[in-house]
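Structural description and commentary
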Amino acid sequence: SVNYLVKSGEQVSLTIIGSALPRDEKYFESLKKYIIDNNLTSYISMLGEVPFSKHPEVFSGYEISLNLTESGSFDKTILGSTSCGAIPLVSNASLKGILPSICLTKDSPEEIANSLKNLLNPAEQVKIQDDLKKFVESQSLHTLIERIIFEIK
């Protein structure tokens, strides 16, 4: 996706945060090789693991948080990065109706690149701020407790 955007003249950068699980180590190494082979080292950096206590500091420095976790799961970094001001872009179809539709993408590089271009538009970012705030609030402990109490009654 970044390669596609770079080739189309977009000014972008990507920071990959976290490390690979042992089962994904081979893929992670191939990703590093792809970055080097395609001259993307000035556009893509790897930060490695970030302690939970540093998440607000790190995520608040980014405009968009790209999360390609498979549908049906819920990666807590989606909520964490959104609460720190980064706009989420996810391929997780189970978040349809929960996140603004502009925050959902397919998992092909071209679709992701087009979705990123849309989200980089300041007018689009302003339009979705209220919906993102509602998303974060809907996942709060306070809201969860209210739901539990409602279900118990």
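Procedures and definitions
Residues numbered from 1 in each chain as written. Predicted model: local features only at pLDDT ≥ 70, side-chain atom pairs only at ≥ 80, totals over all residues. Heavy atoms only, no water. Buried < 20%, exposed > 50% of the residue type's maximum accessible area, 1.4 Å probe, protein only. Helix = DSSP H or I, 4+ residues; strand = E, 2+ residues; numbered from the N terminus. Pairing = 2+ DSSP bridges. Right-handed = clockwise from strand over helix to strand, strands pointing away. Salt bridge = Lys/Arg side-chain N within 4 Å of Asp/Glu carboxyl O. Arc of directions from axis to C-beta. Axes fitted to C-alpha atoms, helices over the stretch in contact; angles between N-to-C directions. Parallel < 35°, antiparallel > 145°, perpendicular 65-115°, else oblique. Left-handed = near helix turned anticlockwise from the far one by under 90°. Contact = heavy atoms within 4.5 Å. Nonpolar A, V, L, I, M, F, W, Y, C, P; charged D, E, K, R; others polar.

With that settled, the discussion passes to the pairing of strand β4 (residues 87-90). Covered by surrounding structure in β4 are Ile-87 and Leu-89 together with Pro-88 and Val-90, the residues of both alternating faces. Strand direction decides the pairing type here: strand β3 (residues 64-67) and β4, joined by 4 bridges, are parallel. Note that in β4 the partner of Asn-67 across the bridge is Val-90. On the question of chirality, the crossover connecting β3 to the parallel β4 by way of helix α4 (residues 76-83) is right-handed.

In this structure the tally under the stated criterion is 6 salt bridges. The shortest N-O distance in the salt bridge between Asp-37 and Lys-33 comes to 2.5 Å. Taken together, the residues Asp-37 and Lys-33, both in helix α2 (residues 25-37) and 4 residues apart, mark about one turn of the helix. A salt bridge links Lys-54 to Glu-57; the shortest N-O distance between them is 3.8 Å.

Here helix α5 (residues 109-119) has its buried residues at Ile-112, Ala-113, Ser-115, Leu-116 and Leu-119. Projection of α5 onto a plane perpendicular to its axis shows the buried side chains occupying an angular sector of 165°, all on one side.

Phi angles above zero are rare outside glycine, and Asn-39 is one such case at about 55°. Its place among the elements puts Asn-39 in the loop between α2 and β2 (44-48). For Asn-39, a relative accessible area of 62% puts it in the exposed group.

Interaxial distance between α4 and helix α6 (residues 122-138) falls to 10 Å at its minimum, and their mutual angle equals 125°. Here α4 is positioned oblique relative to α6, judged by the angle of their axes. As α4 runs across α6, the sense of the crossing is left-handed. For the pair α4 and α6, contact is made by Ile-78, Leu-79, Thr-82 and Ser-83 and by Leu-132, Phe-135 and Val-136, respectively. Each residue belonging to the contact of α4 with α6 can be placed in one class, and the counts come to 5 nonpolar, 2 polar and no charged.

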